[in-house]
Amino acid sequence: MTRHPVRTLGDVYDHPVGRDVLDKIALQIGVSPSFIVNPLTRRLPLTVLDRVAGRAAPGLVAALTDLLEMNPDRLDDADTHTEGQSEPPWWQGAVFYQIYPRSFADSNGDGIGDLRGIIGKLDYLQTLGVDCLWLSPIFDSPNDDMGYDVRDYRAVMDLMGSMEDLDELIEQVHARDMRIILDLVVNHSSAEHEWFQEALRDPDGDKAAYYFLREGSSDAPPNNWVSFFSGSAWRWFDDIKRWGMHLFAPSQMDLNWDNPAVRREVADIVQFWLARGIDGFRMDVINYISKNAGLPNGVPAVGELVGFTGIERYFIGPHLHDYLRELRSAGFTRPDGSHALMVGETPGIGIEVGRLLTNRQRREMDLIFNFDVLEPPGKIRWDDYRYPPAYFLDFYLRYLRRLGPSDQMAIFAENHDNPRIVSKITLDPRWRGAVAKLIAAISLTLPGTPFIFQGQELGAVNQNFTSLDQLRDVESLNYFRELIDGGAARDEAWDRILAGSRDHARVPMRWTVEGGFTTGQPWITGTDMEAGWSAAEQLDDEHSVLNFYRYLISVRQYFAHDDFTLLTRSGHYAAWTRGHYLVEVNLSERTIRRPLSVRRMPGRTVMTSLGSTVRSERPRPDELPPYGVLIRLLD
């Protein structure tokens, strides 16, 4: 592998990690990357930059250069071997649908969604037209973090059903020509996992080496890393006089991937589920699996900048690419030589490192989620603001310009960890359906692999929670206490929690006017009961968000592998073609004029976003209504 010295700001920008970091800084301060790196600044020595930046952020430049030197991979170093696929892999043209099982459908009235509930809704999902289901965690868990703390990787959570139920689900999914992937959480396990319990019984034994257990005194954690769920990333175990690392909840103990035995265990888990018919995995925070040797302190300036001290020591660790290639070969490769799907949740990863992780020639993962799309410049999830839909489109257009022929991006607007996109864009009920359709049109007609989160196809919105006891999300509850402990007023703290709580997306799926999720008391209660927004109501409304999704997914099969051409992107208007289809969108809540050049393109209208939620007069032929979508089949 060729080593490229990093001595100047230009060298930083020429490095995949460096470009992502500088692009992220430019994004956050709202400037073009060329403002930071240009012909005048490219030759700036890092020693000079360190002297300038060191006054305000000591250690920042050194941390950046360490990160770059620790990650020398570049795409021009990629092996030229391909995997011999004459046709695009199935997932490139697929539409994915994420299910949060405990909130999707409850079959037994205990208030918690389950596998048999999903089985009962497969006809709905098949009619929607999706190709692959992704299930959030269903493995045995004490549920300190709603299943993202796994106690047994080869057992189904009792609340979700049985192994027989899962086998039936897999069989029924495949019988409908769909596929199914599961969540695999292997950056950490539950503290109740047998591996960790054995480590507690014998802190000098083999299983102790599966985790990060460090001797010390109870008043001095091994380093200054902080948890994503508030507080130190270390938990003191008094019985064995050792600290244990947890980047998330104190019951989620990080696994030590530097131990070959851990990597073999994970590969065996994957093989176990592939043998049962699972088609792949979405891999939770998979880019955190490689930590810096010695677990050195994080640079305080980095912690102040991004909010999590220590993150530069593991978000792109020194062996990340090696471990993923090994896992693909040992775990995700079937006996016939085919590969199961590897989708990575990769917080903090930018476009260039994302390409390193997913470029087909490198044989690591297939797709990753780039989370920079979720918040515009200068905003974080806990801020109360209005998200501009133009940012959603422009982010993916910018992403596309950076991709090569062996790259593919995942497109998403929602998941189980974020508020609903419609509520982030507008609180005006007049535009609820139009905004939902706009996001659908962008997601399903741009090149890439789209992921839909349950309820997104119904135009689901945030909930009007009024008190802390309505919430179940450990992150929200911990953050509220942290804000109060830091001196925030209760109203101020509550406003931040309400803006960003994960529970907005985790309330039960609304199947009927009354709810229809369970015959019992749901584990968490939603507040949105507005007429017209349940699946039952929308199935009967030809202009509904649901039927817009259904029709657009059905049309997508005709252009999923066709060329993309951006015709125009100006102000609040954009137009592009996919094959013979022309897509026009209005990114604002004002009526806008369609360009004459686009209007003159011969063809017929096949879809518009006009529907039951916007009852105004039909627009003139030369106009697009607020948040409007127009799709035409060209002659």
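Residues numbered from 1 in each chain as written. Predicted model: local features only at pLDDT ≥ 70, side-chain atom pairs only at ≥ 80, totals over all residues. Heavy atoms only, no water.

## Here's the deal with the packing of helix α14 (residues 389–401) against helix α16 (residues 432–445)
Phase 1: For the pair α14 and α16, interaxial distance at closest approach is 11 Å and the crossing angle is 5°. Looking at the two axes, α14 sits roughly parallel to α16. Contact residues: α14 offers Pro389, Phe392 and Leu393, while α16 offers Leu438, Ile439, Ile442 and Ser443.
Phase 2: Looking at the contact of α14 with α16, its residues break down into 6 nonpolar, 1 polar and no charged. (Axes fitted to C-alpha atoms, helices over the stretch in contact; angles between N-to-C directions. Helix = DSSP H or I, 4+ residues; strand = E, 2+ residues; numbered from the N terminus. Parallel < 35°, antiparallel > 145°, perpendicular 65-115°, else oblique. Contact = heavy atoms within 4.5 Å. Nonpolar A, V, L, I, M, F, W, Y, C, P; charged D, E, K, R; others polar.)

## What to know about the pairing of strand β9 (residues 242–245)
Phase 1: Across the two faces of β9 the burial is the same, with Arg242 and Gly244 and Trp243 and Met245 all buried.
Phase 2: Both strand β7 (residues 213–215) and β9 contribute to a ladder of 3 bridges, which runs antiparallel. What sits directly across from Leu213, in β9, is Gly244.
Phase 3: In the sheet, strand β8 (residues 234–237) pairs with β9 via 4 bridges, with the strands oriented antiparallel. Each residue of the ladder has a partner; that of Trp236, found in β9, is Trp243.
Phase 4: The turn linking β8 back onto β9 is made up of 4 residues, and Lys241 within it adopts a positive phi angle of 55°. (Buried < 20%, exposed > 50% of the residue type's maximum accessible area, 1.4 Å probe, protein only. Pairing = 2+ DSSP bridges.)

## Concerning the pattern of salt bridges
Phase 1: As enumerated under the stated definition, the model contains 45 salt bridges in all.
Phase 2: Where Asp140 meets Arg151, a salt bridge forms, and the shortest distance between an N and an O atom there is 2.9 Å. Of the two residues, Asp140 is situated in strand β3 (residues 139–140) and Arg151 in the loop between β3 and β4 (152–156); the sequence distance between them amounts to 11 residues.
Phase 3: When its relative accessible area of 27% is taken as the criterion, Arg151 is described as partly exposed.
Phase 4: Among the salt bridges present, the one from Arg502 reaches Asp417, with a minimum N-O distance of 3.1 Å. Pair noted here: Arg502 is in the loop between α18 (490–500) and α19 (503–506) and Asp417 is in the loop between β14 (410–412) and α15 (421–425), with a separation of 85 residues, a long-range link. Neither Arg502 nor Asp417 differs from the other in exposure class; each is buried.
Phase 5: Ionic contacts of the salt-bridge type, sharing partners, join the residues Asp145, Arg381, Asp417, Asp473, Glu475, Arg502 and Arg506 into one network. (Salt bridge = Lys/Arg side-chain N within 4 Å of Asp/Glu carboxyl O.)

## Digging into the nonpolar core
Phase 1: Ranked by size, the top nonpolar core spans 184 residues in total, and within it Tyr97, Leu135, Leu169, Leu184, Phe281 and Tyr396 carry the most contacts.
Phase 2: When neighbours within four sequence positions are excluded, Leu135 is seen to be in contact with Ile99, Pro101, Leu115, Ile118, Leu169, Ile180, Ile181, Leu182 and Asp183.
Phase 3: By size, the runner-up hydrophobic cluster in this structure holds 18 residues, among which are Leu483, Ala488, Val507 and Trp523. (Core = buried A, V, L, I, M, F, W, Y, C linked by side-chain atoms within 4.5 Å.)

## What to know about the sheet that holds strand β5 (residues 179–184)
Phase 1: One open sheet accounts for 8 strands, arranged β13-β12-β11-β5-β2-β1-β15-β14; its pairing is parallel. In the strand order of this sheet, the two ends are held by β13 (367–369) and β14, each with one partner. Taken pair by pair, the neighbouring strands of this sheet meet at an average axis angle of 25°, ignoring direction.
Phase 2: Where strand β1 (residues 96–99) and strand β2 (residues 132–135) come together, 4 bridges link them in parallel fashion. Bridge pairing in β2 places Gln98 opposite Trp134.

## Re unusual backbone geometry
Phase 1: Its identity is not glycine, yet Met146 carries a phi of approximately 50°, on the positive side.
Phase 2: Among the secondary structure elements, Met146 is positioned in the loop between β3 and β4.
Phase 3: Its identity as a non-glycine residue notwithstanding, Asp177 has a phi of 60°, on the positive side.
Phase 4: When you line up the elements, Asp177 lands in the loop between α8 (163–175) and β5.
Phase 5: By relative accessible area, Asp177 is classed as exposed at 71%.

## Some words on the packing of aromatic side chains
Phase 1: Under the definition given, this model contains 38 aromatic pairs.
Phase 2: Between Phe248 and Tyr288 the ring centres are 6.3 Å apart and the planes differ by 20°, which places this aromatic pair in the stacked class. In this pair, Phe248 sits in the loop between β9 and β10 (252–254) while Tyr288 sits in the loop between β11 (280–283) and α11 (300–306), placing the two residues 40 residues apart along the sequence.
Phase 3: Residue class for Tyr288 comes out buried when judged on its relative accessible area of 2%. (Phe/Tyr/Trp six-rings, centres within 6.5 Å; stacked < 30°, edge-to-face > 60°.)

## Some thoughts on the UniProt feature "domain: Glycosyl hydrolase family 13 catalytic" (unreviewed entry) in the protein
Phase 1: Cross-referencing UniProt, the feature "domain: Glycosyl hydrolase family 13 catalytic" (unreviewed entry) maps to residues 98–506 in the present numbering.
Phase 2: End C-alpha to end C-alpha, residues 98–506 measures 12 Å, and it is 33% helix and 14% strand. (UniProt positions renumbered as here; feature names shortened; annotations may be inferred.)

## Digging into the packing of helix α10 (residues 260–275) against helix α12 (residues 320–330)
Phase 1: Where α10 contacts α12, the axes come no closer than 9 Å and their chain directions differ by 40°. The angle between α10 and α12 places the two elements in the oblique class. Between α10 and α12 lies a crossing whose hand is right-handed. The residues of α12 that touch α10, namely those facing Arg263, Val266, Ala267, Val270 and Gln271, are Tyr323, Glu326, Leu327 and Ala330.
Phase 2: Within the contact of α10 with α12, the residues separate by chemical class into 6 nonpolar, 1 polar and 2 charged. (Left-handed = near helix turned anticlockwise from the far one by under 90°.)

## A few points about the confidence of the model for the protein
Phase 1: Taken over all residues, the pLDDT of the protein has a mean of 94, while the share at 70 or more is 97%.
Phase 2: Counting contacts from residues 79–83, a segment whose pLDDT is below 50, to residues more than four positions away or on other chains yields 10 contacts.
Phase 3: Scored below 50 in pLDDT, residues 612–617 makes 9 contacts in the model with residues more than four places away or belonging to other chains. (pLDDT = per-residue confidence, 0-100.)

## A word on the pairing of strand β12 (residues 341–345)
Phase 1: In terms of burial, β12 is largely enclosed, as 5 of its 5 residues are buried.
Phase 2: Side chains Leu341, Val343 and Glu345 of β12 all project onto a buried face; the interleaved residues Met342 and Gly344 project onto the opposite face, where all are buried too.
Phase 3: Looking at chain direction, β11 and β12 are connected through 4 bridges and run parallel. Looking at the pairing, Gly280 lines up with Leu341 of β12.
Phase 4: The pairing of β12 with β13 spans 3 bridges and is parallel. Within β13, the position partnered with Gly344 by the bridge is Ile368.
Phase 5: Where the polypeptide runs from β12 across helix α13 (residues 351–358) and back to β13, its parallel neighbour, the crossover connection is right-handed. (Right-handed = clockwise from strand over helix to strand, strands pointing away.)

## Comments concerning the sheet that holds strand β16 (residues 564–570)
Phase 1: Read across the open sheet, the 5 strands follow the order β16-β17-β18-β22-β20; overall the sheet is antiparallel. Taken across any chain shown, the strands that pair with only one partner, and hence form the sheet edges, are β16 and β20 (603–608). The mean angle between the axes of side-by-side strands here comes to 20°, regardless of whether they run parallel or antiparallel.
Phase 2: Two strands pair when backbone bridges link them, and strand β17 (residues 573–578) and strand β18 (residues 581–586) are joined in this way by 6 bridges, in the antiparallel orientation. Across the sheet, residue Ala575 finds its bridge partner in β18, namely Glu584.
Phase 3: Here α14 sits on the sheet and contacts β16, β17 and β18; the angle it forms with β16, its principal contact strand, is near 135°.

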